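Residues per chain, in single letters:
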Amino acid sequence: MNIILLGPPGAGKGTQAQRLMERHGMRQLSTGDMLRAAVKAQTPVGLQAKAVMERGELVSDEIVSALIGDGLDAMGPDTGAIFDGYPRTEAQAGSLDGILAARGRSLDHVIELAVDEDALVERITGRYTCANCGKGYHDKFEQPRVAGTCDKCGSTEFKRRPDDNEETVRTRMAEYRAKTAPILPIYESRGIISRVDGMADMDAVTAAIEGLIAD
Ligand code: ADP
Ligand code: ADP
Ligand code: ZN
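Thresholds applied
- Residues numbered from 1 in each chain as written.
- Chains lettered and ligands numbered in written order.
- Predicted model: local features only at pLDDT ≥ 70, side-chain atom pairs only at ≥ 80, totals over all residues.
- Heavy atoms only, no water.
- Helix = DSSP H or I, 4+ residues; strand = E, 2+ residues; numbered from the N terminus.
- Rg over C-alpha atoms; globule rule 2.2 N^0.38 Å.
- Buried < 20%, exposed > 50% of the residue type's maximum accessible area, 1.4 Å probe, protein only.
- Contact = heavy atoms within 4.5 Å.
- Areas by Shrake-Rupley, 256 points an atom, 1.4 Å probe, with all protein chains shown as cover.
- Lys, Arg positive; Asp, Glu negative; His and termini not counted.
- Charge placed at Lys NZ, Arg CZ, Asp CG, Glu CD.
- Core = buried A, V, L, I, M, F, W, Y, C linked by side-chain atoms within 4.5 Å.
- Donors = N, O, S within 2.8 Å, 3.2 Å for Na, K, Ca; no water.
- Near = heavy atom within 4 Å.
- Polar contact = N/O pair within 3.5 Å; in protein donor to acceptor, adjacent residues only side chain to side chain.
- Nonpolar A, V, L, I, M, F, W, Y, C, P; charged D, E, K, R; others polar.

A. Structural detail: the overall build of the protein. Looking only at helices and strands, the protein has nine helices and eight strands in total. Radius of gyration (C-alpha) of the protein: 17 Å, near the 17 Å computed for a compact globule of 215 residues. Judged by the C-alpha coordinates and their principal axes, the protein covers about 45 × 40 × 35 Å. Within the protein, the proportion of its 215 residues that are buried is 47%. A fraction of 69% describes how many contacts in the protein between residues 6 or more apart in sequence connect residues 24 or more apart. Per element, the accessible surface of the protein, about 10600 Å² overall, is 50% carbon and sulfur. Positive and negative side-chain charges of the protein, numbering 26 and 33 respectively, have mean locations separated by a distance of 4 Å.

B. The arrangement of the nonpolar core in detail. Counting 29 residues, the largest nonpolar core has Ile-68, Leu-72, Phe-83, Leu-96 and Tyr-187 as its most contacted members. Broken down by secondary-structure element, the contributors of at least two residues to this core are strand E1 (2-6), helix H2 (31-40), helix H3 (44-55), helix H4 (61-73), strand E3 (81-84), helix H5 (90-102) and helix H8 (184-190). No other element matches H4, which puts five residues into this core. Leaving out residues up to four positions away in the same chain, Phe-83 has contacts with Asn-2, Ile-3, Ile-4, Leu-5, Leu-29, Ile-68, Leu-72, Leu-96 and Leu-100. Membership of the second largest hydrophobic core comes to 19 residues, among which are Leu-20, Met-26, Val-121 and Ile-213.

C. Representation of the coordination of the zinc ion (ligand 3) within the structure. For the zinc ion (ligand 3), every protein donor is listed as Cys-130 (SG), Cys-133 (SG), Cys-150 (SG) and Cys-153 (SG), and the spread of their distances is 2.3 to 2.4 Å. Every donor residue of the zinc ion (ligand 3) comes from the same chain, spaced as C-x2-C-x16-C-x2-C. In this pair, Cys-130 is assigned in strand E5 (residues 127-130) and Cys-153 in the loop between strand E6 (136-138) and strand E7 (158-159), connecting sequence segments 23 residues apart. Given the relative accessible area of 33%, Cys-153 is considered partly exposed.

D. Structural detail: the site of ligand 1. Contacts to ligand 1 come from 19 residues, most closely from Thr-31, Arg-36, Glu-57, Gly-85 and Arg-172. With respect to ligand 1, the side chain of Lys-13 contributes an N or O atom lying 3.3 Å from an oxygen atom. Side-chain polar atom of Arg-36 to an oxygen atom of ligand 1: 2.9 Å apart, as the coordinates give it. For ligand 1, whose accessible area on its own is 560 Å², the fraction buried by protein is 97%. Take the shell around ligand 1: its biggest share by element is four residues, from H2. Along the lines of polarity and charge, the residues of the shell around ligand 1 split into seven nonpolar, four polar and eight charged.

E. Fine view of unusual backbone geometry. Cis peptide bonds are those with omega within 30 degrees of zero, and the linkage from Tyr-86 to Pro-87 qualifies with -5°. Relative to the elements of secondary structure, Pro-87 occurs in the loop between E3 and H5. One non-glycine residue with positive phi stands out, namely Gln-42, at about 55°. Of note, Gln-42 is situated in the loop between H2 and H3. Take Gln-42: its relative accessible area is 59%, and that puts it in the exposed class.

Now the structure itself:
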């Protein structure tokens, strides 16, 4: 099974992708995570992407589509993919069709996480992750069970993204509206898109997604 999670920054794509991975043995392919790894490793792609990401603008279609192709090639042919943060433009949606077809895969579900823009700034500015295992947290909405200790791996080191500040979030939301929202009709015309209320609590969102993919 191959699924796209679509939604603006802070909609809950990463949170839900982590849960789907754990429950269904699928693999999350997050272009944001891949780009951050490239920035950290100072690869040519990372050096090119760093400033663009810091401004909250979109990295080139060629770069992210190449990352997705490599990501798929690195996983077993029978492992399902969860696309998180890709595609983000009409060109990327077109590339994904070709990338999947070349590997004998096809899209089963596109799930749109619908959220109020007002809620996104609070979600993004309160977001942090475990520095060791990547588990996501939030200052207000998802704190570790034991303060300062990761639920999943026990690490006491956490990190915040440099682009998770209010100013950059505004740019990222504008990019979503201008370039990503226009791809929704492509999937609507194919009849594979479903909308989930991303304002519900995390467990309710997970339950809604589980219901969709069980059909
Ligand atoms: P969020 O989860 O908040 O939506 P991501 O981690 O997906 O953010 O992306 C962080 C940044 O990485 C984006 O603001 C953009 O600069 C870059 N990026 C990630 N995915 C893509 C993509 N598919 N196309 C272009 N740029 C991307
Ligand atoms: P995205 O990957 O779409 O950018 P995340 O999954 O990283 O979004 O979620 C952004 C922040 O909001 C995280 O700190 C996460 O813990 C929190 N969050 C995710 N889903 C919900 C929800 N349904 N209700 C409240 N907070 C949420
Ligand atoms: Zn951890």
